[in-house]
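Here's the letter readout for the chains.
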Amino acid sequence: MAEETQSITTRHDAETDPALWWRQAVVYQVYPRSFQDTTGSGLGDINGITGWIPYLRQLGVDAIWLSPFYPSELADGGYDVADYRDVDPKLGSMDDFDRLAAAAHAADIKVVVDIVPNHSSHLHPWFRQALADGPGSPARDRYIFRDGKGPNGDEPPTRWQNHFGGPAWTRVDDGQWYLHMFTKEQPDWNWRTRTCAPISLRRCVSGAITAWTGSASMWRTGSPRTSTATTSTTTW
C-alpha cells in the first residue's frame, strides 16, 4: 500500500510540476560512438542519433541520455574529457549537436547530457599546464598533487586504490604524485582549491554546464571526489 501511494504521489508531482518530468519519464541511453555510423568511419556519430529521433518518438521515449561525446582519448569510454565545450570531431560538430537537439525537442523528446566534474583527461590543457608549472603553482592546485612518502618521496601519499583496482596515485617527473580515482589518464580535480588563477575551477565547470543549457534539458553528473562512484541528476 505504501509503495502504491508513493507511486501515485510521484506521478502526481511529475504531472503538476514540469521540472519533475524525469520522475515518470522513459529515458533511452545512447552511447554515441556505437549507435549509428553515417559516414562509414566505423564510429557512431551525432547525425546517426538524429536520424533515429522519429523511431524513438514512436517507442514512447521521453528523453535521450547521451553518454559523453566530448573530445577524448577514450581511456574510460569518453569519461576522460579533454574539452568540456566541444564535440569530438570524430563524432561530428557543434552544429550537428544543435540539429540533434532541435530534432529531439521538435519530437517532444528531452536531451540529457553527461557532465564529468570529478576529473578531466590528462590531455586537458589545464593538466598539461599543471605539469609544466610545477609544484606549488596555482595551475597545479587545480588538481590533487601531493608529495610522496619515504626518504625520496618514492612511495605514494596513501595506499588508496582507484575504482578500477590499481593505485590511485601516479608519480610525475618532478617527483610529486597526482590522484586519480579512475584511470591514470583521469586526474581528479581539486574542488577545495583556493589559488587557481586566473579562472577558477568552479567557473570552468559551471561554464561548461552553461554552454549546454541552451540545448539540453538536464545534465547528469558524477559526484565530485567521493569514495564511491555515485551519481546525481540536476535539471533546470
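Scroll up a little and you will see the structure.
Below, the structure is looked at part by part. Predicted, not measured: the structure shown is a model, and the values here were computed from it. (Residues numbered from 1 in each chain as written. Predicted model: local features only at pLDDT ≥ 70, side-chain atom pairs only at ≥ 80, totals over all residues. Heavy atoms only, no water.)

### A closer look at the overall build of the protein chain
Put simply, the rule is: Each helix corresponds to a stretch of at least 4 residues labelled H or I by DSSP, and each strand to a stretch of at least 2 residues labelled E; elements are numbered beginning at the N terminus. Classification of residues uses two cut-offs on accessible area relative to the type maximum, computed with a 1.4 Å probe and protein chains only: under 20% is buried, over 50% is exposed, and between them is partly exposed. Residue contacts are counted whenever heavy atoms from the two residues lie within 4.5 Å of one another. Here the open area of atoms and residues is found with the Shrake-Rupley method and a 1.4 Å probe, where only the protein chains shown may cover a residue.
Across its full length, the protein chain carries 6 helices and 8 strands. Secondary structure elements in the protein chain, listed N-terminal to C-terminal, are α-β-α-α-β-α-β-α-β-β-β-α-β-β. Counting only residues that meet the buried cut, the protein chain has 44% of its 236 residues in that class. In the protein chain, 59% of the contacts between residues at least 6 apart in sequence involve partners at least 24 apart. Surface summary for the protein chain: the accessible area is close to 12,200 Å², and the carbon and sulfur share equals 52%.

### Digging into the pattern of salt bridges
What counts here: Here a salt bridge means any side-chain nitrogen of Lys or Arg lying within 4 Å of a carboxyl oxygen belonging to Asp or Glu.
Evaluated as defined, the whole model comprises 4 salt bridges. As a salt-bridge pair, D174 and R140 come within 2.8 Å of each other at their nearest N and O atoms. Taken together, the positions of D174 in the loop between β5 (169–171) and β6 (177–179) and R140 in the loop between α5 (125–133) and β4 (145–146) put the pair 34 residues apart, joining distant regions of the chain. According to the relative accessible area criterion, D174 is partly exposed, its value standing at 40%.

### Looking at the sheet that holds β6
How we decide: Following DSSP output, two strands are said to pair if at least two bridges run between them.
On the basis of which strands lie adjacent, the open sheet formed by 3 strands has the order β4-β6-β5 and antiparallel pairing. Where the open sheet ends on each side, the last strands, each with one partner, are β4 and β5. Pairing of β5 with β6 involves 3 bridges; the strand directions are antiparallel. Looking across to β6, one finds that R171 is bridged to W177.

### Section: helix α4 (residues 94–106)
What counts here: By this rule, a helix spans an expected 1.5 Å times one less than how many residues it contains. Arc definition: it is the arc formed by the directions from the helix axis to the C-beta atoms.
With 13 residues, α4 extends 18 Å between its outermost C-alpha atoms, agreeing within 8% with the 18 Å of an ideal straight helix rising 1.5 Å per residue. Residues of α4 that are buried: D96, F97, L100, A101 and A104. Down the axis of α4, the smallest arc covering the buried residues is 135 degrees, so these residues share one side. Away from its buried face by more than 90 degrees, α4 exposes D95 and A106. One or two positions beyond α4, positive phi appears at D108, with a value near 60 degrees.

### Section: the packing of aromatic side chains
Which entries qualify depends on this criterion: Here the aromatic set is Phe, Tyr and Trp, taking the six-membered ring for Trp, and pairing holds for ring centres within 6.5 Å; pairs whose planes are under 30 degrees apart are stacked, those over 60 apart are edge-to-face, and all others are tilted. By definition here, charges over rings are those cases where NZ of Lys or CZ of Arg is within 6 Å of the ring centre and within 35 degrees of the ring normal.
Considering all chains together, one arrives at 13 aromatic pairs under this definition. The interplanar angle of 70 degrees and the centroid separation of 5.0 Å between the aromatic rings of F127 and Y178 together place this pair among those described as edge-to-face. Of this pair, F127 sits in helix α5 while Y178 sits in strand β6, and the two are 51 residues apart along the sequence. Classification of Y178 as buried rests on a relative accessible area of 7%. Pairwise contacts between aromatic rings join Y84, W126, F127, Y143, F145, Y178 and W189 into one cluster. The ring of F145 is capped by R140, whose NZ or CZ atom sits 4.3 Å from the centre of that ring.

### Side note on the side chain of H124
Counted only if it meets this: Contacts described as polar in this section are N or O atom pairs within 3.5 Å, which, within protein, must combine one atom able to donate a hydrogen with one able to accept it, while residues neighboring in sequence count only if both atoms come from side chains.
Counting through the fold element by element, H124 comes out in the loop between β3 (110–115) and α5. Of the residues examined, H124 reaches a relative accessible area of 7% and is grouped as buried. Within the local environment of H124, its side chain forms a polar contact with the backbone nitrogen of W126, the two atoms lying 3.0 Å apart.

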